[in-house]
Amino acid sequence: MSVVLAVTVGGSCAPVVTAIRDYQPDHVLFFASSGPRGSRSTIDGAGKVCQDNANILSQTNLPEGRYTIVEIDEPDDLPRCYAAVRKGLAELAAKHPDWRRVGDYTGGTKTMSAALVLAALELGWELSLVKGTRTDLVKVIDGTEMAGLVNAWEVRVHQLMAQGKQLFNSYSFAAAGELLEGVLRVAPVSAEVERTIKGWVALSRGFDAWDRFDHDRAYHLLEPFQSSLAPDWWVFLKVLAGKARGSGYEPVFDLLLNAERRAACDRYDDAVARLYRALEWMAQIRLAQREPPLDAGNIQVDLLPEPLRAEYAAMRKPSHEPGKMGKVQLGLVE
């Protein structure tokens, strides 16, 4: 597989040369600081610009057309570094979508390295670091350096988990579940993280079912987590799923809460439609619970108080069946 390598370039050429030699990339993307004291000269400058050695291109025999240089004028400004690095990575990834993409952050200023790590994690690049044997905290022994991949996936997983949690808390339950479920299909994670993600996916699916008024499925999916849910919520769901008795008004309360969530997501038309239905439903339940009970879809006029009978009898729909009376069906206003 073809490889593109992105590297941050600092005052030392050795780690950059090592990364290029170890990965043997088909294209190299250099991020270097500009200006008379910048690191750009170490890439293609004249003379012995690399600690008594020729420039990086000469040492690695990189020909014209197999590298790109991006100059950064403020190498200690994180927002500007990040913007430049992200743009460079995205453009090269779009040009070579099927290539393996590796970013080595050994060289450059700390800010340039941080920018490469942030952008690479966001855009799905592998991360690399050149390491070697040390005798102290100052310097690696010459000749022991080698490039190696960094386990950045676990870091990215925690970023994705945070995104999933944000989606869940914004009532985008289905999107949260799909995002987290996809994490497990990309690469292995620790057993602890896998357990956490599977639990979050199940919760997302359960609350998504509840949000779609599929209370039976929600009960089935959330039952293993009942000890983690607020007791009132679990009792509420049991009533909605027909597993316990309630006041009869629980479906109305559920619809009102659903309307609140739609409004929180700026879906005001949906929220208003649910409020309309909740008000109508509350009246229908109230009529059904009185003595004698009344069905709003087929009012028995003779059960109404005497002063109201004529008014509501006039609302009777014509019957399409000979010999049968039409129904008195009450909408919200009636």
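That block above? That's the structure.
Residues numbered from 1 in each chain as written. Predicted model: local features only at pLDDT ≥ 70, side-chain atom pairs only at ≥ 80, totals over all residues. Heavy atoms only, no water.

J.: Could you give an account of the pairing of strand β4 (residues 100–104), with specific residues and numbers?
T.: Within β4, four of the five residues are buried, which leaves it mostly tucked inside the rest of the structure. For strand β1 (residues 3–9) and β4, the ladder comprises five bridges, and the chain directions are parallel. Bridging across to β4, Val7 finds its partner in Asp104. Tracing the backbone out of β4, into helix α5 (residues 110–123) and back to the parallel element strand β5 (residues 126–131) gives a crossover that is right-handed. (Buried < 20%, exposed > 50% of the residue type's maximum accessible area, 1.4 Å probe, protein only. Helix = DSSP H or I, 4+ residues; strand = E, 2+ residues; numbered from the N terminus. Pairing = 2+ DSSP bridges. Right-handed = clockwise from strand over helix to strand, strands pointing away.)

J.: Tell me about a nonpolar patch on the surface, and name the residues and values.
T.: A cluster of nonpolar side chains, contributed by Phe253, Leu256 and Leu275, occupies part of the molecular surface with about 260 Å² of accessible area. Within the secondary structure layout, Leu256 lies in helix α11 (residues 250–264). (Patch = residues over 30% accessible without salt bridge, like charges linked within 9 Å, V, L, I, M, F, W, Y side chains within 5 Å. Areas by Shrake-Rupley, 256 points an atom, 1.4 Å probe, with all protein chains shown as cover. Salt bridge = Lys/Arg side-chain N within 4 Å of Asp/Glu carboxyl O.)

J.: Which residues make up the pattern of salt bridges, and what values go with them?
T.: Opposite charge on two side chains allows them to pair when their charged atoms are near. Summed over the entire model, instances satisfying the criterion amount to 15 salt bridges. In this structure, Glu181 engages Arg185 in a salt bridge whose closest nitrogen and oxygen atoms are separated by 3.3 Å. A relative accessible area of 28% means that Glu181 is categorised as partly exposed. Given the relative accessible area of 60%, Arg185 is considered exposed. A cluster of three or more residues bridged by salt bridges with shared partners is formed by Arg40, Asp44 and Glu71.

J.: Hey, could you go over the nonpolar core for me, with residue numbers and the actual values?
T.: Among the nonpolar cores identified, the biggest contains 22 residues, and Val9, Ile20, Phe30 and Ile56 are the most heavily contacted of them. Listed by contribution, the elements that provide at least two residues to this core are β1, α1 (14–23), β2 (27–33) and α3 (56–60). Ranked by residues supplied to this core, first place goes to α1 with five residues. In contact with Val9, other than residues within four places in its own chain, are Val16, Phe30, Phe31, Ala32, Ser39, Thr42, Ile43, Ile56, Gly107, Gly108 and Met112. Membership of the second largest hydrophobic core comes to 20 residues, among which are Ala6, Leu29, Phe31 and Ile72. (Core = buried A, V, L, I, M, F, W, Y, C linked by side-chain atoms within 4.5 Å. Contact = heavy atoms within 4.5 Å.)

J.: Got a sec to walk through helix α4 (residues 78–95)? Specific residues and values, please.
T.: Look at α4: 26 Å from first C-alpha to last across 18 residues, which is about the 26 Å you get at 1.5 Å a residue. Those residues of α4 lying buried are Cys81, Val85, Gly88, Leu89, Leu92 and Ala93. End-on, the buried residues of α4 take up no more than an arc of 125 degrees, which puts them together on one face. Turned more than 90 degrees away from the buried face of α4, the exposed residues are Pro79, Lys87, Ala94 and Lys95. Among the structural elements, β1, β2, β3 (67–72), β4 and α5 are those in contact with the buried residues of α4. (Expected span 1.5 Å × (residues − 1). Arc of directions from axis to C-beta.)

J.: Tell me about the packing of aromatic side chains, and please be specific about residues and values.
T.: A ring pair, where both rings are aromatic, is described by two values, the distance of the centres and the angle of the planes. Throughout the structure, instances matching the rule amount to ten aromatic pairs. Here Phe168 and Phe207 contribute two aromatic rings whose centre-to-centre distance is 5.6 Å and whose plane-to-plane angle is 85 degrees, an arrangement assigned as edge-to-face. Of this pair, Phe168 sits in helix α6 (residues 153–169) while Phe207 sits in helix α8 (residues 191–211), placing them 39 residues apart in sequence. Judged by relative accessible area, Phe168 falls into the partly exposed class, the value being 22%. Relative accessible area serves as the criterion here: at 17%, Phe207 is assigned to the buried category. An aromatic cluster of at least three residues, connected via ring pairs, comprises Phe168, Tyr171, Phe173, Phe207, Trp210, Trp233 and Phe236. (Phe/Tyr/Trp six-rings, centres within 6.5 Å; stacked < 30°, edge-to-face > 60°.)

J.: With reference to specific residues and values, describe the packing of α8 against helix α9 (residues 215–222).
T.: Think of two packed helices as two axes; the pair is described by the angle between the axes and how far apart they sit. Direction vectors running N to C along α8 and α9 enclose 160 degrees, while the axes themselves pass 7 Å from each other. Judged on the interaxial angle alone, α9 and α8 are roughly antiparallel. Relative to α9, the crossing made by α8 is left-handed. Across the interface between the two elements, Ala202, Leu203, Arg205, Gly206, Phe207, Ala209 and Trp210 from α8 touch His215, Arg217, Ala218, Leu221 and Leu222 from α9. Among the residues making up the contact of α8 with α9, the classes are represented as eight nonpolar, two polar and two charged. (Axes fitted to C-alpha atoms, helices over the stretch in contact; angles between N-to-C directions. Parallel < 35°, antiparallel > 145°, perpendicular 65-115°, else oblique. Left-handed = near helix turned anticlockwise from the far one by under 90°. Nonpolar A, V, L, I, M, F, W, Y, C, P; charged D, E, K, R; others polar.)

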